[in-house]
Amino acid sequence: MMIVMKARADEAHIQAVIDRIEACGAVAHPSRGAEVTVIGAIGDLEHVAKLELEGAPGVDKVVPILKPYKLASNQLRQGAPTVIEIDGRRIGGEHFSLIAGPCTVESRDQTLTAARAVKDAGASLFRGGVYKPRTSPYAFQGLGDAGLRILAEAKAETGMPIVTELMDARDLEPLIEVVDVIQVGARNMQNYPLLSEIGRTGKPTLLKRGLSSTLEELLMAAEYILKEGNPNVMLCERGIRTFETAYRFTLDLTAVPVLKELTHLPVIVDPSHAAGRRSLVEPLSLAAAAAGADGIIVEVHPAPEEAICDGPQQLYADAFEEYARKVEQAAAIAGKALSTV
Ligand code: PEP
Ligand code: MN
């Protein structure tokens, strides 16, 4: 249920409604807009309905939230986009975020060289995996905790916030000390205990769409994180499995405007993992930015031919500046400006 307060409702009215929602065992999620406050009441529908909040002081109306994902739904926020702030960079609304860095942290030198290059080109955040989801158990699995120390060094030197993937909740504690955004990989989109655990941390989270997941499944996965009280969720389209075999995955760019209709959460696009090869990364990035994505997460390496993982799709670090300027122009078509410091 969604309790829409009157424009003149004061804080005491709002608090009284929150108290009544919580007294019946539901959770209140207030969202304070410029004009009115809306309170999502998430819990047992019957209990919430029995509260008969219609007519309570300061309440304008009580309406059902129609979608199965309640907190992620645009209805709850009445068109106000979520804007996530990380160390002065903004993600969502009229801000465009360029998240760049290598697929995998391989060494100190490789990581710091990539970090300096993307920072100089105005990237908003730095990405790099240390726990890697590999199809083969015999492939390099990432540097783990040693990789986290390298990421910490990259952050200390460049000031860029760090995005890295968490696969196992047991790694959460060391990861959270270093990292600013937790990435949930496509293969873990429906790992519900992991999502709930991340929800309890409150850390900004980049949730990637599963290889064969519908947008509704993606939004329901986001709901697991939001439900635990973490509002800082970004969604990421990274390509889905289709019958097409000419490239790695099919980048579903229709997802961008459709998600914008359905949710207030920022939508990021990953052209690298969809394309699987470098020549496709720039055109897909430009299309995503012009389609209204809130950001791009892209793989960049100082020497892709030597990369341990995903070499063919990583952009050359020394060509990144030119790429970034083109993407910035495409984002401007959709009315967004690059968020950097
Ligand atoms: C990644 O971004 O490093 C990654 C493995 O992506 P995905 O989960 O989308 O395959
Ligand atoms: Mn990769």
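See above for the structure.
Overview of the structure. All values reported here derive from a predicted model rather than from experimental measurement. Numbering of residues begins from 1 in every chain and follows the order in which that chain's sequence is written. For naming, the first written chain is A and the first written ligand is 1, with later ones following in the order written. Where local features are concerned, this predicted model is filtered to residues with pLDDT of at least 70; where side-chain atom pairs are given and counted, the filter is 80 or more; whole-chain, interface and lining totals use all residues. To get the side-chain values, all heavy atoms of the structure are used, and hydrogens and water are removed first.

1. A short note on unusual backbone geometry
For the record, the criterion: Here a helix means four or more residues in a row that DSSP labels H or I, a strand means two or more in a row labelled E, and each is numbered from the N terminus. When a residue's accessible area, from a 1.4 Å probe over protein chains only, is under 20% of the maximum for its type it is buried; when over 50% it is exposed; and in between it is partly exposed.
In this model, Asp 87 sits at a positive phi of 45°, which is unusual for a non-glycine residue. As for its position among the elements, Asp 87 is in the loop between strand S5 (84–86) and strand S6 (89–91). Taking relative accessible area as the criterion, Asp 87 reaches 46% and is therefore assigned partly exposed. A positive phi angle, close to 60°, is found at Asp 310, a residue other than glycine.

2. Observations concerning the environment of Val 63
Condition: The criterion used for residue contact is that any of the two residues' heavy atoms lie within 4.5 Å.
The residue Val 63 is located in strand S4 (residues 59–63) in this model. For Val 63, a relative accessible area of 23% gives the class partly exposed. As a C-alpha pair, Val 63 and Asp 10 span 53 residues in sequence and 20 Å in three-dimensional space. The contact partners of Val 63, leaving out residues within four places of it in the chain, are Met 1, Met 2, Val 4 and Gln 75.

3. Re the pairing of strand S14 (residues 295–301)
Note the threshold: Criterion used throughout: strands pair if DSSP finds at least two bridges between them.
Within S14, 7 of the 7 residues are buried, which leaves the element mostly enclosed by the surrounding structure. Of the two faces of S14, the one holding Gly 295, Ile 297, Glu 299 and His 301 and the one holding Ile 296, Val 298 and Val 300 are both buried throughout. The pairing of strand S7 (residues 95–101) with S14 spans 5 bridges and is classified as parallel. Along S14, the bridge assignment pairs Gly 101 with Glu 299. Note that S14 and strand S15 (residues 315–316) share 2 bridges and pair parallel. Across the sheet, residue His 301 finds its bridge partner in S15, namely Tyr 316.

4. Quick look at the site of ligand 1
Inclusion rule: For this description, a residue counts as near a given molecule or strand if any of its non-hydrogen atoms is within 4 Å of it. Under the grouping applied here, Gly and all other residues not named as nonpolar or charged are polar, the nonpolar ones being Ala, Val, Leu, Ile, Met, Phe, Trp, Tyr, Cys and Pro and the charged ones Asp, Glu, Lys and Arg.
Looking at ligand 1, the residues that line it are Arg 127, Lys 132, Pro 133, Glu 165, Gln 183, Gly 185, Ala 186, Arg 187, Lys 208, Arg 238 and His 273. Tallied by class, the residues present in the shell around ligand 1 amount to 2 nonpolar, 3 polar and 6 charged.

5. So, the sheet that holds strand S1 (residues 2–5)
Filter applied, for reference: The axes used here are C-alpha line fits, helices contributing only the stretch in contact, and every angle between their N-to-C directions lies in the interval 0 to 180 degrees.
Read across the open sheet, the 4 strands follow the order S2-S3-S1-S4; overall the sheet is antiparallel. The two strands at the open ends of the sheet, each matched to only one other strand, are strand S2 (27–32) and S4. Looking at each pair of strands side by side, their axes are set apart by 20° on average, direction ignored. By the bridge criterion, 6 bridges tie S2 to strand S3 (residues 37–42) in an arrangement that is antiparallel. Residue Pro 30 lies in a different strand from S3, and its bridge partner there is Ile 39. Contacts from helix H1 (residues 11–23) reach S1, S2, S3 and S4 within the one sheet, and its direction differs from that of S2 by about 155°.

6. Digging into the packing of aromatic side chains
The criterion, for reference: Ring pairs shown here join Phe, Tyr and Trp side chains whose ring centres sit within 6.5 Å, with only the six-membered ring taken for Trp; geometry is labelled stacked below 30 degrees between planes, edge-to-face above 60, and tilted in between.
Per the counting criterion, the structure on display carries 2 aromatic pairs. Between Tyr 192 and Tyr 224, the ring centres sit 4.3 Å apart and the planes meet at 20°, which makes this aromatic pair stacked. In this pair, Tyr 192 sits in helix H7 (residues 192–201) while Tyr 224 sits in helix H8 (residues 215–227), placing the two residues 32 residues apart along the sequence. Accessibility expressed as a relative area gives 28% for Tyr 192, which makes it partly exposed. Considering the side-chain rings of Phe 320 and Tyr 323, the 5.5 Å spacing of their centres and the 35° angle between planes classify their relative orientation as tilted. Of this pair, Phe 320 and Tyr 323 both sit in helix H12 (residues 320–333), 3 residues apart, which is roughly one turn of the helix. What makes Tyr 323 buried here is its relative accessible area of 3%.

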